[in-house]
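# Results of the structural survey
One-letter residues, chain by chain:
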Amino acid sequence: MNLSKAAQALWAKKSAKESSKWLPLYVHLEDTAGLAEKLWEHWLSPGVKQALYRTVLPKRDAKQLFIFLAAAHDIGKATPVFQAKPALRNCKCTLDAALNNNLELALPMLEHNSFSNPQKSPHALASMLLAQKYGCHKNIAVILGAHHGRPPNRDMLERQTIGAYPQNYHINALAKPAWEQVQEEIFNYALSLSKVSSLNELPLPKAPAQVLLSGLLILADWLASSEAEFPLFLLEEPIQYDKTQRINNAWKLSPFLTTQWVPSNAYMEDNLYKRRFGFRPRPMQVKAAELAAKLENPGIIILEAPMGAGKTEAALAVAEILANKTARTGIFFALPTQATSDGIFPRMISFIENLESGTHSIRLAHAKAQFNEHNLALSKANTNTGMYLDDEDGAVVLEWFKGTKRALLSDFVVGTIDQLLMAALKHKHIMLRHVGLANKVVIIDECHAYDAYMSQYLDMALRWLGAYNVPVIVLSATLPKEKRDMVVNAYLQKQPEDAKQDYSFAHGIAPAPTVESDTETYAYPLITYTEGQHIKSEPIAPTGSKTKVHTAFIDEAEITLKLKTLLCDGGSAGVIVNTVKHAQALARGLKEAFGEGVVTLIHSRFLAEQRAALEAALLEELGPLAIPRKEARIIVGTQVLEQSLDIDFDVLITEICPMDLLLQRIGRLHRHNRVRPEQLKKAFCFITGVKNNGLSKGSVAVYSEYPLLKTLALIKDELIIPDDIAPLVERAYKTGGKTVDTALLKEAEAAWLKRLEQKKQSAKAFRVSLREGDEDISGWLQTGVREAEGEAAVRDGEDSLEVLLVERYEGGMRMLNNNTIIPTNTTPEDVLAKALARQLIRLPPVLCRGKAIGDTITQLEEITRELSLWQASLWLKGSLCLILNEERTASLGGYRLKYDDFYGLSIEKEEDANE
């Protein structure tokens, strides 16, 4: 198709460096359409294509629709308001003048400051409105309007129309014919690039397909906007290029040039676990793989098995099987914390390296991933393209995928559960997250750890995954039936009667029929799974020895004497409490009683490097390969001991907590088969925090009263692990019934249910959904809250702040971990700045709660001004600093903070500290 001079004169990109380089609009549309075809053919998994076909997109036309969207995404730039924009804000450069001269030879033009409301016609919105003007159905046009990360909201579509702001689209009546002619020409050129002769040939995508296509379009546009892969042209030279060669050259530099994982059928052989992990599988692992291999239409699999049973390797093996069956090309492993993510990351690397062939991109997705040593060791990138590959097979970290918006586009991803929950959160560029997840098998670990608030996002995320037929594997040691049912029902699109409007987005997806489930069981271990729309469950024959755990209540004042008695012949004791302050106080008393070298304290308020060192030392001393020692050892900690460490105690003392978490803690007791001191050969768990049926304020603040009282009502003098896990957890989370037979418990239950409902309603303010009857995603991300608030909304914790902790030393500054001196009169070099950036620590909640957080930030900003030159470092930019004096203390918000290598960061009111 030959373009007019007017169409050829339209620009899409200008150099921001005041050079004479530019990119014509028609070339950018060609580039994006060409990349769309490459992505479709060489990156997008067959499983995602099938998901698109399922959402009313005929197979023969789905690819052409995507290419058309890529070719048409920037037609909104064919408007006078956009073409008048300067390359640099508030600056007129020679390139602007030259391009304007070329345009004025073919089209009427105005100076940019002559437009009265230029902000009312952003080019993504203009693309949508122009496409509809020329006959595009709204279901297609809305995807063009969403290509900058957020679909137009309903107010924009009602008020910011072409007719409302005609100047932006065609200046005036005299200029209108010329501008309408070139706009229609560009639109028809987009049709020709997609080899579509008529709009009637394009299928109408429903909402789930719109989301996926929007994400793919954003990705194609981002890649086509890279000047390294798609160089600009000199204005004074004729535009000469080979379109096919330009696309092929760019694709060779693409971050997607890793080997696409094509899962093999190795599971059909008997040695899958041996090939992937180097060991013979346990019966539970064999059962999980055999069940997955038999499924013809797999969906979601929930694997419940005791702590330390090998669920991680079972999940990876099942993920490979499901990836083969559903034609997925990656895995996302979601975990509750950064620490648990760090623990799984090297195991994922090992799994990838044992795959048959190819180089696959991998990403560790959490806020401190840049400090993970395994992540750093795999990083391979050059400064121009963020892409580097060698001839070796295995895992590689590519810098292009850095950041939360791109991380899930890597082939293999390990990260915190937030990465999944944000697929249900109203935030910009959410569609990229959906594309990344749709390409993969998703593993959700420690499902029991997600509270009622987070579960609202998990519910909605699972509904989207179900709409895309993404295989999901859920792991838990302790999962109540209510949560198990929530997970399965969400995935199958079953709609709660009280909230139908929240789940109506899956247009084009056949609604789930009412099915009878056989999940009413206390069988344990247990696999629950879906085969199409049918829910089934299969118990797994228990293997290995059972552990009898004797429980008793103990007053906190008796802990020291009890441990003196129990550890007189050596052995290890775990002491787990519910708050950092409580752990520090207990550790102080025990250290005084037992002396140096016996007590170790671990919690979340240590510097990251120091906490990692503490965990490594504990794993070496008390992990599965540890050699029993005769000396007494006491490990005092908080909830970090529940999840992230595979360590073994001879005896356990724990503060009262909800039943599932109590059982998780008990899972660290007699965990491994080893020789124990004579009087600790029996497993004892002593429960503290209860006195005259009263509960500690700290425990109630963390967990609420009702689940703690239910634990008290149900705990037995003897537990058989794992036999008692399922029935105890089930009864603990079942409201009403015989266990609620006192006025105190009934009152606590009512308060608990009210609190859960408040959490659910609070979560819905930020959660993506479509109203009943909606056919497109316009207004899909519309919310009455600020974006910054929404992006922090998937966890129902108090606001928190992380600060760089440094120590004043002889007029300068130094790091706490190694006493390295840091200059304050210059910007630190990268190596030093990177090390300094690891000195992050999370402040106590009292400084970040409610209105206090504003005052805390103000104080920290004032403190940070002294170190203003550090802000010039890419590693330190935007960081808030807290400066400790030479006694390692600082005042902040009316509190005195102190850092100690043994106790971590402690806090007390200044009036108490001065007494």
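Residues numbered from 1 in each chain as written. Predicted model: local features only at pLDDT ≥ 70, side-chain atom pairs only at ≥ 80, totals over all residues. Heavy atoms only, no water.

Our next topic: the packing of helix α16 (residues 311-326) against helix α17 (residues 338-353). α17 packs onto α16 with a crossing angle of 40° between their chain directions and a minimal axis gap of 12 Å. Looking at the two axes, α16 sits oblique to α17. Note on packing geometry: the crossing formed by α16 with α17 is right-handed. Listed contacts from α17 to Thr 312, Glu 313, Leu 316 and Glu 320 of α16 are Ile 344, Arg 347, Met 348 and Phe 351. Per-class residue counts for the contact of α16 with α17 are four nonpolar, one polar and three charged. (Axes fitted to C-alpha atoms, helices over the stretch in contact; angles between N-to-C directions. Helix = DSSP H or I, 4+ residues; strand = E, 2+ residues; numbered from the N terminus. Parallel < 35°, antiparallel > 145°, perpendicular 65-115°, else oblique. Left-handed = near helix turned anticlockwise from the far one by under 90°. Contact = heavy atoms within 4.5 Å. Nonpolar A, V, L, I, M, F, W, Y, C, P; charged D, E, K, R; others polar.)

A full pass over the atoms with the stated rule returns two cavities of 30 Å³ or more. Roughly 50 Å³ of internal volume is contained in the largest cavity. Among the secondary structure elements, those contributing two or more residues to the lining of the largest cavity are α22 (481-491) and α30 (725-733). In terms of residues, the lining of the largest cavity owes the most to one element, α30, which gives three residues. Classifying every residue of the lining of the largest cavity by side-chain character gives five nonpolar, one polar and four charged. (1 Å grid on protein atoms, 1.4 Å probe; cavity = no way out; pocket = protein on both sides within 12 Å on 5 of 7 lines; lining within 4 Å. Points joined across faces, edges and corners; volume = space filled by probe spheres on them.)

Moving on: the layout of surface pockets. Looking at the second largest pocket, its volume works out to about 480 Å³. Residue lining of the second largest pocket: 24 residues in total, with Pro 122, His 123, Ala 124, Leu 125 and Met 156 positioned closest to the centre. Among the elements of the structure, α5 (80-83) and α7 (123-133) are those that each provide at least two residues to the lining of the second largest pocket. Here the element with the most residues in the lining of the second largest pocket is α7; it accounts for three residues. Residues that form the lining of the second largest pocket fall into these classes: 11 nonpolar, 10 polar and three charged.

A few words on unusual backbone geometry. In the segment running from Tyr 524 into Pro 525, the intervening peptide bond is cis, with an omega of -5°. Looking at the secondary structure, you find Pro 525 in the loop between α22 and β11 (526-531). That bond from Ile 721 to Pro 722 is cis: its omega, 15°, falls within 30 degrees of zero. As for its placement among the helices and strands, Pro 722 is situated in the loop between β21 (718-721) and α30. The phi torsion at Glu 446 lies on the positive side, around 55°, for a residue other than glycine. Looking at the secondary structure, you find Glu 446 in the loop between β9 (441-444) and α21 (452-467).

Attention now goes to the pattern of salt bridges. For the structure on display, the rule yields 34 salt bridges. In this structure, Glu 621 and Arg 633 form a salt bridge, with 2.5 Å as the shortest nitrogen-oxygen distance. Of the two residues, Glu 621 is situated in helix α25 (residues 608-622) and Arg 633 in strand β16 (residues 632-637); the sequence distance between them amounts to 12 residues. Each of the two residues, Glu 621 as well as Arg 633, counts as buried. When the shortest N-O distance is used, the salt bridge between Asp 901 and Arg 888 registers 3.2 Å. Within this pair, whereas Asp 901 is found in the loop between β28 (895-900) and β29 (904-909), its partner Arg 888 is found in the loop between β26 (881-884) and β27 (889-892), the two being separated by 13 residues in sequence. Note on Asp 901: relative accessible area 45%, which makes it partly exposed. (Salt bridge = Lys/Arg side-chain N within 4 Å of Asp/Glu carboxyl O. Buried < 20%, exposed > 50% of the residue type's maximum accessible area, 1.4 Å probe, protein only.)

Looking at the element boundaries, His 670 is found in the loop between α27 (659-666) and β18 (683-688). At 3.0 Å, the side chain of His 670 forms a polar contact with the backbone oxygen of Asp 650. Once you skip the residues sitting within four places of it in the chain, His 670 turns out to touch Thr 547, Asp 648, Phe 649, Asp 650, Arg 676, Leu 680, Lys 681, Lys 682 and Ala 683. (Polar contact = N/O pair within 3.5 Å; in protein donor to acceptor, adjacent residues only side chain to side chain.)

Sheet architecture is open: three strands sit in the order β1-β2-β3, paired in antiparallel fashion. Edge positions in the sheet fall to β1 (11-14) and β3 (233-234), since each of these pairs with one other strand and no more. Here two bridges tie strand β2 (residues 21-24) to β3, and the two strands are oriented antiparallel to one another. Within the sheet, the bridge partner assigned to Lys 21 lies in β3 and is Leu 234. Of the strands in this sheet, β1 and β2 are in contact with helix α6 (residues 94-104), which crosses β1 at around 170°. (Pairing = 2+ DSSP bridges.)

Without other data, these values stay purely geometric and don't point to any function.
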